[in-house]
Amino acid sequence: MAPDDPTRREILMSSLLLPLAAGGAASVSPAAAARIEGTILVAYFSRSGNTRVVAGQVSRALRTDLFEIVPEKPYPEDYFETVEQAQQESGRGYEPPLKRTVADVARYNAVFLGFPIWGMTVPPVVRSFLTAHDFSGKKIIPLVTHGGYGLGDSLSVLAGHTPQAQLADAFSMQAPQERQTITRVMDWLGKVQR
């Protein structure tokens, strides 16, 4: 099979992510891990922890380096304040400064990039991460969590920010727990306070 053969990508992603989708902590066979040649980085941004779990599972399964994307100034603790800030940042094309960058991104051949969908797109801080690093010639494999609306325009954003990289098929998983939890707690509190 050719390196870019769709069947090969499907086999690779299936072998890597089936344990993840099943919720298991199984490791990937050396043969499956070898399908991505060279050194691998799993980089992720996670506000509520959903994407952190996905990224951590992939990193453990493949025994990769793990890098957390962190803004210099943290997003608000309050979910709705974060939503408002992210909308404002995205609306004006703002890319917040990063707390740190990957020291030697050139040594990685592939990067699993984990992030949640915010407002149908890539969070501004992930755009900052993409702008801050040269991904030319690298394979980018998106690991996406979302609240139920899918990938939005995230793949076109990734392609636009990494035009010299090879963008692989994305792993996508619905993970709306934070918003659902807030709604359920507030509904319950409304009943208790009556």
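Structural data are supplied above this passage.
Residues numbered from 1 in each chain as written. Predicted model: local features only at pLDDT ≥ 70, side-chain atom pairs only at ≥ 80, totals over all residues. Heavy atoms only, no water.

1. Comments concerning the overall build of the chain
Then, in step 1: Scanning the chain from N- to C-terminus turns up 7 helices and 6 strands.
Then, in step 2: Going from the N terminus to the C terminus, the chain shows its helices and strands as α-α-β-α-β-α-β-α-β-α-β-β-α.
Then, in step 3: Pairs at least 24 residues apart make up 80% of the contacts formed inside the chain by residues separated by at least 6 positions.
Then, in step 4: Within the structure as shown, the chain displays about 10,400 Å² of accessible surface, and the carbon and sulfur contribution to it stands at 52%. (Helix = DSSP H or I, 4+ residues; strand = E, 2+ residues; numbered from the N terminus. Contact = heavy atoms within 4.5 Å. Areas by Shrake-Rupley, 256 points an atom, 1.4 Å probe, with all protein chains shown as cover.)

2. What about the pattern of salt bridges?
Then, in step 1: Applying the stated rule across the entire model yields 2 salt bridges.
Then, in step 2: The salt bridge partner of arginine 52 is glutamate 68, with a shortest N-O separation of 3.1 Å. On the criterion of sequence distance, the pair formed by arginine 52 in helix α3 (residues 50-62) and glutamate 68 in strand β2 (residues 65-68) is long-range, its members being 16 residues apart.
Then, in step 3: Here glutamate 68 falls in the partly exposed class, since its relative accessible area comes to 25%. (Salt bridge = Lys/Arg side-chain N within 4 Å of Asp/Glu carboxyl O. Buried < 20%, exposed > 50% of the residue type's maximum accessible area, 1.4 Å probe, protein only.)

3. Some points on the packing of aromatic side chains
Then, in step 1: In the structure shown here, the tally under the stated rule is 6 aromatic pairs.
Then, in step 2: Pairing phenylalanine 45 with tryptophan 118 gives two aromatic rings, centres 5.3 Å apart and planes at 75°, and the pair type is edge-to-face. Highlighted residues: phenylalanine 45 in the loop between β1 (40-44) and α3 and tryptophan 118 in the loop between β3 (110-116) and α5 (124-132), separated in sequence by 73 residues.
Then, in step 3: Using a relative accessible area of 4% as the deciding quantity, one classes phenylalanine 45 as buried. (Phe/Tyr/Trp six-rings, centres within 6.5 Å; stacked < 30°, edge-to-face > 60°.)

4. Things to note about a nonpolar patch on the surface
Then, in step 1: On the surface, Val185, Met186, Trp188 and Val192 cluster together to form a nonpolar patch covering roughly 420 Å² of accessible area.
Then, in step 2: Inspection of the secondary structure assignment puts valine 192 in helix α7 (residues 177-192). (Patch = residues over 30% accessible without salt bridge, like charges linked within 9 Å, V, L, I, M, F, W, Y side chains within 5 Å.)

5. Quick notes on the nonpolar core
Then, in step 1: If you look at the biggest cluster of nonpolar residues, it comprises 27 residues, and the most contacted ones within it are Ala43, Ile69, Leu113, Phe115, Phe129 and Phe135.
Then, in step 2: Of all the secondary structure elements, the ones that give two or more residues to this core are β1, β3, α5, β4 (139-146) and α6 (154-161).
Then, in step 3: For this core, the element with the most residues is α5, which contributes 4 residues.
Then, in step 4: Residues within four places of isoleucine 69 in sequence aside, it is in contact with Ala43, Tyr44, Phe45, Leu98, Leu113, Val125 and Phe129. (Core = buried A, V, L, I, M, F, W, Y, C linked by side-chain atoms within 4.5 Å.)

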